[in-house]
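Given next are the chains, with one letter for each unit.
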Number of protein chains: 2
Amino acid sequence: MVYFDAASGEPLDPAGREAYLAALDEGWAGPDRLYREGRRARMLLDAAREATAEVLGCRADELVFTGSGTAAVHHGVLGLAKGRARAGRRLVLSAVEHSSVIHAGELAAARNGGELELAPVDVHGRVRLDLLTELLAQPGPVGFLAVQSANHEVGTRQPLTEVAALAAEYEVPLLVDAAVSLGREPVPSGWSVLAGSARKWGGPTGVGVLAVRKGSRFAADWPQDERERGWAPGPPNVPAILAAATALRARSAESQEAGLNHRELTTLLRARIPELVPDVEVVGDPDDRVPHILTFSCLYASGEALLLELDRAGFSVSSGSSCTASTLTPSHVLEAMGVLSQGNIRVSLPWDARGEDVERFLDALPDAVRAARPEPELGRESTPEPEPEPGESADASVVIDALGKLCPLPVIELGKRIGGVPVGGVLRVLADDPAARLDIPAWCRMTGQDFLGTEPLRGAPDSALAYLVRRLR
Amino acid sequence: MVYFDAASGEPLDPAGREAYLAALDEGWAGPDRLYREGRRARMLLDAAREATAEVLGCRADELVFTGSGTAAVHHGVLGLAKGRARAGRRLVLSAVEHSSVIHAGELAAARNGGELELAPVDVHGRVRLDLLTELLAQPGPVGFLAVQSANHEVGTRQPLTEVAALAAEYEVPLLVDAAVSLGREPVPSGWSVLAGSARKWGGPTGVGVLAVRKGSRFAADWPQDERERGWAPGPPNVPAILAAATALRARSAESQEAGLNHRELTTLLRARIPELVPDVEVVGDPDDRVPHILTFSCLYASGEALLLELDRAGFSVSSGSSCTASTLTPSHVLEAMGVLSQGNIRVSLPWDARGEDVERFLDALPDAVRAARPEPELGRESTPEPEPEPGESADASVVIDALGKLCPLPVIELGKRIGGVPVGGVLRVLADDPAARLDIPAWCRMTGQDFLGTEPLRGAPDSALAYLVRRLR
């Protein structure tokens, strides 16, 4: 198997594994204990904290270890929101934050009686600085601003220098979820709270990092616990923390070299995939992006089917398509970007990614996509264009009833039926799959047709809409 | 070193270690992923869940794994309190619950607008069923009742059969923190929520278990996260969970045999310590207790000094004395029991405890206690008893000003000065150390003097009291 889902988590780095095993023997005891085994564990924990703080660019006493990256984000968001509840209750997040940030923000807003406000992004998933400025300038003090270092689904880097300057100008603390980039990219600055996850940098599962700058207002919104400054309840997992710190140091030292290799490989993928596969949309910023992530979507394909075809061919990747998750809504990141969500695949390269594996992936992809398209011929050749009937007006709409059909079926129907509409004619697609909100406009953009908008359907639930498409060619 | 602090945590069990290493290779991926590595991790996680559920006596779909025992308790308490907030907001806990239960209960009560009510215990630390019944019968519906399986500081088993019957009678869900006993004792029944910690049964740090019976009202009071039924945010740590399950099975299979060995050794300690050390109080139930914990307190000794002396002699133990923790209040468990807190030592035997180590501990203890007593001769021989001055009345009080002096100094002063008071005379000790509230009455009980009670000191903070002691002999 070739594992291309490093952004979800990687196997434990060899240096980290060695550190873990050594610390299982030397650092298993509680570091708060006064006897020898406890003091030994404390020394290892202190060393791991110093080493990690140095990489993160903070003081050791600004850093705690949590039980996961998710916990680091949750505690960071809830602690900052509660600490700042008197200063401001509007919580401003980029619309493409990781779901853990958004869900914690929702809870924090509910608890503190505030509002969650999402800052829009451009088509590459980059936060719009102009609109972010407008949001910050609106009346009502802001509790905090959260912007990730780079996007976890499409790899686009966020403009953190400018964001940090805005945060400073409006005197709002900045929370940065740096899970995507820690160990691979230079660590951002200008934050009040920084969160990350060890399993994304080759450390073990079960370790997160949470750094809170001195002077930040930060208040526990969880049960009292003395350990880790009261910011992370439960016993610090010393062996796992030592493994995480060891892996982070090792990776940070080699990140430039590894990054060059990853960038070369994802650049190759970016260029070749649209050549090899018809009706594909590569998403995310082409240049200003983390080097190891490359994401694309395939018209007419189900993301789950594509993922399973690739698995069968020996490649492990992830997908932001709606049908691969337990919810039926497509990835909120793709939605905020307004790009195609069907047949979505994220390739994220592991640390030791090899060019030959990328070549093999490119070799296997066309067949996998073909197999994942229920109507493989769709889009491969232009559909024969029937003559319009004499006297048929452009307003004489054709209606496709795709109610109850899930992604990618509504778009497949659209692709099959557009040829039956005269150029200039309008086609109405009735659909209640939330993915259609993204995928029908994306289909129009990709195939050169004109998306006219949506109309509500009388007597139907809000999710059911009529999508109006004018045939242009 | 001889490690006698197993109740805080043990080194990873060899079978657990082996399982962890195997799962690092086989189960490192996200178990929610559809590709091969993810499916493999899912299979391991499912197997670990089945095995653990079988030991706990619950269904696999009633059990989730959390990032620590602390997290299991926090989520159990907060989830049950929120789920039951409409049914009842009085939260009834035994007064000797682990601090994680009490702190989570405090937060739950504050969030849901309820009250935390502590059920008193007897001198052995066992919850008083009569007083518990009174509490449950009081007006105002109860959200839940929390009673541990056995006490973590003194080893006393709680009467869970009777407690569960009471909970059923009053239709109140029962939360059981079974951290002390899982893997060592039969698993309790009658609970709605059960919590435990893998590091207490030879599993790795970083794994807790939280079981919630079908039909319990349970609601997330933390950010939304789909994993582990939404009860435990963050990625399940498959290798660590597999190690935990493996260790739990191994231990449960051998627990009876190991328990007999532990009981024999703690029974020996119980009998010998008072013979070897003067002015010592062994606490906890002599019979109905978990086999591996034995706790005692030494008059006139500082717990921290005693712990360090024992460490120097090669023994690792823990202490509930105030001066060993970062707070200045003594253990709330010892306080609820009303027993001596100074010079407190808990011996908790590891799984493979050996008789020769216990013998060596008994050999070393007298010298360690002597060295930890600032006035080693105190209590070793009876202080010469001065004749009362002619005309000196029993009410002519002698006053000891111990304000600002910390445990064990107020009691040491008392021991030194009691001889200067005529039999029948009253001595007033002015003290503001919170430990004095426990230790002066305990001193009276242990030395056969009469504790008359306390009086407030005018113009002094509430913590400062006059303790009145009548000399009887």
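The structure this text deals with has already been given above.
Now for a look at the structure at hand. (Residues numbered from 1 in each chain as written. Chains lettered and ligands numbered in written order. Predicted model: local features only at pLDDT ≥ 70, side-chain atom pairs only at ≥ 80, totals over all residues. Heavy atoms only, no water.)

1. Quick word on the sheet that holds strand 15 (residues 450–456) of chain B
Residues and elements named next belong to chain B.
Right, on to step 1. Pairing is mixed across the open sheet formed by four strands, whose spatial order is 13-14-16-15. One side of each edge strand has no neighbouring strand; the edge strands of this open sheet are strand 13 (398–401) and strand 15. With direction set aside, neighbouring strand axes in the sheet form an average angle of 20°.
Right, on to step 2. As paired strands, strand 15 and strand 16 (residues 465–470) are joined by six bridges and run antiparallel to one another. Its bridge partner lying in strand 16, Pro456 is registered against Leu465.
Right, on to step 3. In the packing of helix 11 (residues 409–417) onto the sheet, contacts are made with strand 13, strand 14 (426–431) and strand 16, and the angle to strand 13 comes to roughly 150°.
Right, on to step 4. Against the sheet, helix 12 (residues 436–447) contacts strand 14, strand 15 and strand 16, and its axis sits at roughly 5° relative to strand 16. (Pairing = 2+ DSSP bridges. Helix = DSSP H or I, 4+ residues; strand = E, 2+ residues; numbered from the N terminus. Axes fitted to C-alpha atoms, helices over the stretch in contact; angles between N-to-C directions. Contact = heavy atoms within 4.5 Å.)

2. A look at the relation of the copies chain B and chain A
The operation relating the two chain copies consists of a rotation about an axis and a shift along that axis.
Right, on to step 1. The two copies are related by a screw motion: chain B maps onto chain A through a turn of 180° and a shift of 0.0 Å along the axis, at an RMSD of 0.0 Å. Such a combination of rotation and displacement between the chain copies is what one expects of a two-fold axis. The rotation axis passes nearest to the C-alpha of Gly67 of chain B in chain B, at a distance of 2.8 Å.
Right, on to step 2. Mapped onto chain A, 100% of the interface residues of chain B again fall at the interface, so both copies present the same surface. (Least-squares fit on C-alpha atoms with pLDDT ≥ 70 in both.)

3. Thoughts on the sheet that holds strand 12 (residues 344–348) of chain B
In a beta sheet, neighbouring strands pair by backbone hydrogen bonds and run either parallel or antiparallel.
All names here are of chain B.
Right, on to step 1. A sheet is described by the order of its strands in space; here three strands give the open sequence 9-10-12, paired in antiparallel fashion. The open sheet has two edge strands with one neighbour each: strand 9 (280–283) and strand 12. Between one strand axis and the next, the sheet turns through 20° on average, direction left out of account.
Right, on to step 2. Two strands pair when backbone bridges link them, and strand 10 (residues 293–298) and strand 12 are joined in this way by five bridges, in the antiparallel orientation. Bridge pairing links Ser297 to Asn344 in strand 12.
Right, on to step 3. Packing of helix 7 (residues 238–276) onto the sheet brings it into contact with strand 9, strand 10 and strand 12, and relative to strand 10 it is tilted by some 15°.
Right, on to step 4. In the packing of helix 8 (residues 303–312) onto the sheet, contacts are made with strand 10 and strand 12, and the angle to strand 12 comes to roughly 40°.

4. Looking at the nonpolar core
Right, on to step 1. Among the nonpolar cores identified, the biggest contains 114 residues, and Leu132 and Leu145 of chain A together with Leu132 and Leu145 of chain B are the most heavily contacted of them.
Right, on to step 2. The residues touching Leu132 of chain B, leaving out its near neighbours within four places in the chain, are Val92, Ala119, Val127, Leu145, Val163 and Leu166 of chain B. (Core = buried A, V, L, I, M, F, W, Y, C linked by side-chain atoms within 4.5 Å. Buried < 20%, exposed > 50% of the residue type's maximum accessible area, 1.4 Å probe, protein only.)

5. Here's the deal with the side chain of Arg199 of chain A
Right, on to step 1. Relative to the assigned elements, Arg199 of chain A resides in the loop between strand 7 (193–197) and strand 8 (208–212).
Right, on to step 2. Put simply, Arg199 of chain A is tucked away with no salt bridge, and the nearest opposite charge, on Asp32 of chain B, sits 6.3 Å away.
Right, on to step 3. Looking at Arg199 of chain A, its side chain comes within polar contact range of the main-chain oxygen of Ser8 of chain A, at 3.1 Å.
Right, on to step 4. Non-local contacts of Arg199 of chain A, meaning those with residues more than four positions away in its chain, are made with Ser8, Gly9, Glu10, Pro204 and Thr205 of chain A together with Gly30 and Pro235 of chain B. (Lys, Arg positive; Asp, Glu negative; His and termini not counted. Salt bridge = Lys/Arg side-chain N within 4 Å of Asp/Glu carboxyl O. Polar contact = N/O pair within 3.5 Å; in protein donor to acceptor, adjacent residues only side chain to side chain.)

6. A word on unusual backbone geometry
Residues and elements named next belong to chain A.
Right, on to step 1. Along the chain, Cys407 connects to Pro408 via a cis peptide bond; the corresponding omega equals 5°.
Right, on to step 2. In this fold, Pro408 is placed in the loop between strand 13 (398–401) and helix 11 (409–417).
Right, on to step 3. Backbone geometry at Glu171 places phi at a positive 55°, although glycine is not the residue there.
Right, on to step 4. When its relative accessible area of 66% is taken as the criterion, Glu171 is described as exposed.
Right, on to step 5. With phi around 60°, Arg229 is a residue other than glycine that occupies positive phi space.
Right, on to step 6. Structurally, Arg229 can be placed in the loop between strand 8 and helix 7 (238–276).

7. Considering the interface of chain B and chain A
Right, on to step 1. Each partner contributes to the interface: chain B provides 56 residues, whereas chain A provides 56 residues.
Right, on to step 2. With both chains or domains summed, chain B and chain A bury close to 4,700 Å², and 56% of this area falls on carbon and sulfur atoms.
Right, on to step 3. Counting the contacts that link chain B with chain A gives eight salt bridges.
Right, on to step 4. A salt bridge links Arg111 of chain B to Asp221 of chain A, with the nearest nitrogen and oxygen atoms 3.3 Å apart.
Right, on to step 5. Those elements that place two or more of their residues in the side of chain B that touches chain A are helix 1 (14–26), helix 2 (36–56), helix 3 (69–83), helix 4 (99–112) and helix 8 of chain B.
Right, on to step 6. Here the residues of the side of chain B that touches chain A are counted per class, giving 22 nonpolar, 17 polar and 17 charged. (Buried area = accessible area lost by both parts, 1.4 Å probe. Nonpolar A, V, L, I, M, F, W, Y, C, P; charged D, E, K, R; others polar.)

8. Brief notes about the packing of aromatic side chains
Right, on to step 1. According to the stated counting rule, one finds 15 aromatic pairs over all chains in the structure shown.
Right, on to step 2. With a centroid separation of 5.8 Å and an interplanar angle of 80°, the aromatic rings of Tyr3 of chain A and Tyr35 of chain B are classed as edge-to-face. Taken together, the positions of Tyr3 of chain A in strand 1 (residues 2–3) and Tyr35 of chain B in the loop between helix 1 and helix 2 put the pair across two chains. Here Tyr3 of chain A matches Tyr35 of chain B in class, with each residue buried.
Right, on to step 3. A ring pair is formed by Phe4 of chain B and Phe361 of chain B, whose centres lie 5.8 Å apart and whose planes are at 70°; its orientation type is edge-to-face. Linking Phe4 of chain B in the loop between strand 1 (2–3) and helix 1 with Phe361 of chain B in helix 10 (residues 355–372), this pair joins segments that are 357 residues apart in sequence.
Right, on to step 4. When its relative accessible area of 0% is taken as the criterion, Phe361 of chain B is described as buried. (Phe/Tyr/Trp six-rings, centres within 6.5 Å; stacked < 30°, edge-to-face > 60°.)

9. Focus on the packing of helix 8 of chain B against helix 10 of chain B
All names here are of chain B.
Right, on to step 1. Relative to each other, helix 8 and helix 10 sit at 135°, their axes nearing to 9 Å. When the interaxial angle is binned, helix 8 and helix 10 end up oblique. Where helix 8 crosses over helix 10, the handedness of that crossing is right-handed. Counted together, Ala305, Leu306, Glu309 and Leu310 of helix 8 and Phe361, Leu365, Ala368, Val369, Ala371 and Ala372 of helix 10 form the full contact between these two elements. (Parallel < 35°, antiparallel > 145°, perpendicular 65-115°, else oblique. Left-handed = near helix turned anticlockwise from the far one by under 90°.)

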